[in-house]
Amino acid sequence: QVQLVESGGGVVQPGGSLRLSCAASGFTFSSYAMHWVRQAPGKGLEWVGLTRSDASNKYYADSVKGRFTISRDSSKNTLSLQMNSLRAEDTAVYYCAKGGDLGSYYFDYWGQGTLVTVSS
Amino acid sequence: QTVVTQEPSFSVSPGGTVTLTCGLSSGSVSTSYYPSWYQQTPGQAPRTLIYSTNIRSSGVPDRFSGSILGNKAALTITGAQADDESDYYCVLYMGSGTWVFGGGTKLTVL
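Notes on the structure in this doc start here. (Residues numbered from 1 in each chain as written. Chains lettered and ligands numbered in written order. Predicted model: local features only at pLDDT ≥ 70, side-chain atom pairs only at ≥ 80, totals over all residues. Heavy atoms only, no water.)

Here we come to the sheet that holds strand S8 (residues 78-83) of chain A. Residues and elements named next belong to chain A. The four strands lie next to each other as S1-S3-S8-S7, forming an open sheet whose pairing is antiparallel. Lying at the two open borders of the sheet, with one neighbouring strand each, are strand S1 (3-7) and strand S7 (68-73). Strand-to-strand twist in this sheet, taken as the mean axis angle between neighbours without regard to direction, amounts to 15°. Where S7 meets S8, six bridges bridge the pair, whose relative direction is antiparallel. Residue pairing in the sheet places Ser71 in a bridge with Ser80 of S8. (Pairing = 2+ DSSP bridges. Helix = DSSP H or I, 4+ residues; strand = E, 2+ residues; numbered from the N terminus. Axes fitted to C-alpha atoms, helices over the stretch in contact; angles between N-to-C directions.)

All names here are of chain A. Following the sequence through the fold, Val5 ends up in strand S1. It is 7.5 Å that separates the C-alpha atoms of Val5 and Gly113, two residues lying 108 residues apart in sequence. Discounting chain neighbours no more than four positions away, the residues touching Val5 are Ser21, Cys22 and Ala23. (Contact = heavy atoms within 4.5 Å.)

Now for the interface of chain B and chain A. Each side of the interface is counted separately: chain B has 21 residues, and chain A has 23 residues. Counting the surface chain B buries against chain A, the share from its top three residues, B:Pro46, B:Trp99 and B:Phe101, is 35%. Taken together, chain B and chain A are joined by zero salt bridges. Put simply, chain B and chain A have eight residue pairs in polar contact (both at pLDDT 80 or more) between them. Its residues assigned to classes, the side of chain B that touches chain A shows 10 nonpolar, 11 polar and no charged. (Buried area = accessible area lost by both parts, 1.4 Å probe. Salt bridge = Lys/Arg side-chain N within 4 Å of Asp/Glu carboxyl O. Polar contact = N/O pair within 3.5 Å; in protein donor to acceptor, adjacent residues only side chain to side chain. Nonpolar A, V, L, I, M, F, W, Y, C, P; charged D, E, K, R; others polar.)

Residue and element names in this part refer to chain B. With respect to topology, four strands assemble into an open sheet ordered S1-S3-S8-S7, the strand pairing being antiparallel. With one partner strand each, in any of the chains shown, strand S1 (4-6) and strand S7 (64-69) form the two edges of the open sheet. Shown here is a sheet whose adjacent strand axes are inclined to one another by a mean of 25°, direction ignored. Of the strand pairs in this sheet, S1 and strand S3 (residues 17-24) are connected by three bridges, and their pairing is antiparallel. Across the sheet, Thr5 pairs through a bridge with Gly23, a residue of S3.

The next subject is the layout of surface pockets. Using a probe with the size of a water molecule, rolled over the atoms, empty space left in the structure can be pinpointed. In this structure, the largest pocket encloses a volume near 580 Å³. Taken together, 24 residues line the largest pocket, and the ones lying closest to its centre are A:Glu46, B:Gln1, B:Thr2, B:Trp99 and B:Val100. Listed by contribution, the elements that provide at least two residues to the lining of the largest pocket are strand S4 (34-39) and strand S5 (45-51) of chain A together with strand S10 (98-101) of chain B. The dominant element in the lining of the largest pocket, judged by the number of residues it contributes, is S10(B), at four residues. Residue composition of the lining of the largest pocket, grouped by class: 11 nonpolar, eight polar and five charged. (1 Å grid on protein atoms, 1.4 Å probe; cavity = no way out; pocket = protein on both sides within 12 Å on 5 of 7 lines; lining within 4 Å. Points joined across faces, edges and corners; volume = space filled by probe spheres on them.)

Turning to the state of the cysteines, a few remarks are in order. All chains considered together, the criterion is met by two disulfides over all chains. Here A:Cys22 pairs with A:Cys96 through a disulfide, and the sulfurs are 2.0 Å apart. Between A:Cys22 and A:Cys96, the disulfide has an S-S torsion of 50° and is therefore right-handed. Placement of the pair is A:Cys22 in strand S3 (residues 18-25) and A:Cys96 in strand S9 (residues 92-99), with a sequence separation of 74 residues. Assessed through its relative accessible area of 0%, A:Cys22 is described here as buried. With a sulfur-sulfur separation of 2.1 Å, B:Cys22 is cross-linked through a disulfide to B:Cys90. Sign of the S-S torsion, about 75° for the bond between B:Cys22 and B:Cys90, identifies this disulfide as right-handed. Residue B:Cys22 is found in strand S3, and its partner B:Cys90 is found in strand S9 (residues 87-95); the two are separated by 68 residues along the sequence. As far as the burial class goes, B:Cys22 and B:Cys90 line up, both buried. (Disulfide = S-S within 2.5 Å. Buried < 20%, exposed > 50% of the residue type's maximum accessible area, 1.4 Å probe, protein only.)

So, in structure tokens, the structure goes:
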């Protein structure tokens, strides 16, 4: 069965950096787009960004563009999110999510999330 | 900046029917936005319910259905049960590889 397990969350100071990982199993990782979605405490879901199956294209929400970078390693079935210049408003649970079949434009499986806290 | 709108809260009686909607601050939602719906209970990851407007995700009971109603996407729950009490989020594909979530609807079953 599909499993997505995030790791790397923690407490970081404003202006600092953090790298999240998502270990994927149970499906052909190299065949699917992968997303990051976050949720600030007590708030709604926010789409963060996407890497296509072949990593040829990556897209980001305006709120993180230029600060966050998504990458993937199909040899290790791992998705990553490099977060730089972190701000208090980046405090959230970060979920990785598997994209649906090509042309379906949705998220079909989700990890359990990892908490990032940006605070001095 | 496009805003995806949802009712902040809704209540339904057990066994009743409720329709939650997902609109745009400017314009109409159509199937071209590939609306999808997710259910989330506190402390849990979201669960996928509906995608591409009206396709139920695997294992989702048929009392959950999706549609376009007027100028909005809609999620209808028929025969509401106590464990349907959750937050519900829609998300729209905005093109150019980007998605926008609605603010979510907190559904109370009482």
